[in-house]
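A structural walkthrough
Letter by letter, the chains look like this.
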Amino acid sequence: MSYEQMVEKVRYEGAYPTRERAEEAIRLVVTGLGRQLTGEERVELAARLPLEAARLLTAQIPDTQPLTGWAFVKDLATRAEASLATTRWDTGAVLAAIATLAGPDLLTRILRQLPSGFALLFGRAELTPAA
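We now turn to the structure provided with this report. Throughout this document, residue positions are counted from 1 along each chain, in the order its sequence is written. Where totals are concerned, whole chains, interfaces and linings use all residues; where local detail is concerned, this predicted model gives features only for residues with pLDDT of at least 70, and gives and counts side-chain atom pairs only at 80 or more. Side-chain descriptors were evaluated using all non-hydrogen atoms of the structure, hydrogens and water having been removed beforehand.

1. Here we look at unusual backbone geometry
With phi around 55°, Ala 15 is a residue other than glycine that occupies positive phi space. In this fold, Ala 15 is placed in the loop between helix H1 (3–14) and helix H2 (19–34). A positive phi is found at Glu 81, a non-glycine position, where the angle reads about 55°. Inspection of the secondary structure assignment puts Glu 81 in the loop between helix H5 (69–80) and helix H6 (84–113). For helices the rule is a DSSP run of H or I covering at least 4 residues; for strands it is a run of E covering at least 2, with both sets numbered from the N terminus onward.

Quick look at the structure:
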């Protein structure tokens, strides 16, 4: 998928009125994800993303304390000075495109690495073992 195709997919998923708005969401979410991912999953995801998105991802230094899915959305909202609802929408639209690019196997490995709450952001059910 080219960067142009990624932008159009995010624009469609997010029902954004302009290409610029979709690109803004991509920048916000991909840089945030770059602060969360480490290791082989980070490298493999970067290799599957369009070059422009891969640069955003890999330019970030991973945080020492990973965020839960909800804390991730709140952090992005603070950085973007946007509402939680808008930021949650942006996150879902962008991560849906990233999930497609990653494929099911890599996405499963990424979700194992990330704290709870991320599966829903990627459009997957978050299953927890029975107590």
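2. Re the pattern of salt bridges
Salt bridge criterion: a side-chain nitrogen from Lys or Arg within 4 Å of a carboxyl oxygen from Asp or Glu. Within the structure shown, the criterion is met by ten salt bridges. Ionic pairing is found between Arg 109 and Glu 44, a salt bridge with its closest N-O pair at 2.5 Å. Pair noted here: Arg 109 is in helix H6 and Glu 44 is in helix H3 (residues 39–48), with a separation of 65 residues, a long-range link. Given a relative accessible area of 24%, Glu 44 falls into the partly exposed group. Remark: exposure states derive from per-residue accessible area (1.4 Å probe, protein chains only) relative to the maximum for the residue type, with buried under 20%, exposed over 50%, and partly exposed in between.

3. Structural notes on the environment of Asp 63
When you line up the elements, Asp 63 lands in the loop between helix H4 (51–58) and H5. Relative accessible area serves as the criterion here: at 30%, Asp 63 is assigned to the partly exposed category. Contact criterion: two residues are considered in contact whenever any of their non-hydrogen atoms come within 4.5 Å of each other. Excluding its chain neighbours within four sequence positions, the residues that come into contact with Asp 63 are Arg 35 and Gln 36.

4. Here's the deal with the nonpolar core
Core analysis: the biggest nonpolar cluster contains 40 residues, and Leu 33, Leu 45, Ile 98 and Phe 122 have the highest contact counts within it. Elements supplying a minimum of two residues to this core: H1, H2, H3, H4, H5, H6 and helix H7 (118–121). Contact partners of Phe 122, with chain neighbours within four places excluded, come to Leu 33, Leu 95, Ile 98, Ala 99, Leu 107, Ile 110, Leu 111 and Leu 114. Definition used in this section: a nonpolar core is a set of buried Ala, Val, Leu, Ile, Met, Phe, Trp, Tyr and Cys residues joined via side-chain atoms within 4.5 Å.

5. Considering the side chain of Thr 87
Relative to the helices and strands, Thr 87 is located in helix H6. Accessibility expressed as a relative area gives 0% for Thr 87, which makes it buried.

6. Side note on H5
A rise of 1.5 Å per residue sets the reference length of H5, with its twelve residues, at 16 Å; its end C-alpha atoms lie 17 Å apart and thus fit the reference within 8%. Within H5, burial applies to Gly 69, Phe 72, Val 73, Leu 76 and Ala 77. Each buried residue of H5 sits inside an arc of 135° when the element is viewed along its axis, so together they form one side. Where H5 is buried, its residues contact H2, H6 and H7. Of the residues one or two after H5, Glu 81 is the one with positive phi, at around 55°. Multiplying 1.5 Å by the helix residue count minus one yields the expected span of that helix. The arc under discussion is defined with respect to the helix axis, by the directions toward the C-beta atoms.

7. A closer look at the packing of H2 against H6
Axis lines are fitted to C-alpha atoms, over the contacting stretch for helices. Their N-to-C directions set the angle, which ranges from 0 to 180 degrees. Where H2 meets H6, the closest approach of the two axes is 9 Å, and the angle between their N-to-C directions is 80°. As far as their axial angle goes, H6 and H2 are roughly perpendicular. Between H2 and H6, the residues in contact are Arg 21, Ala 25, Ile 26, Leu 28, Val 29, Val 30 and Leu 33 and Thr 86, Thr 87, Asp 90, Thr 91, Val 94, Leu 95 and Ile 98, respectively. Looking at the contact of H2 with H6, its residues break down into nine nonpolar, three polar and two charged. The scheme is simple: roughly parallel for angles under 35 degrees, roughly antiparallel for over 145, roughly perpendicular for 65 to 115, oblique for anything else. Note on residue classes: Ala, Val, Leu, Ile, Met, Phe, Trp, Tyr, Cys and Pro are nonpolar, Asp, Glu, Lys and Arg are charged, and everything else, Gly too, is polar.

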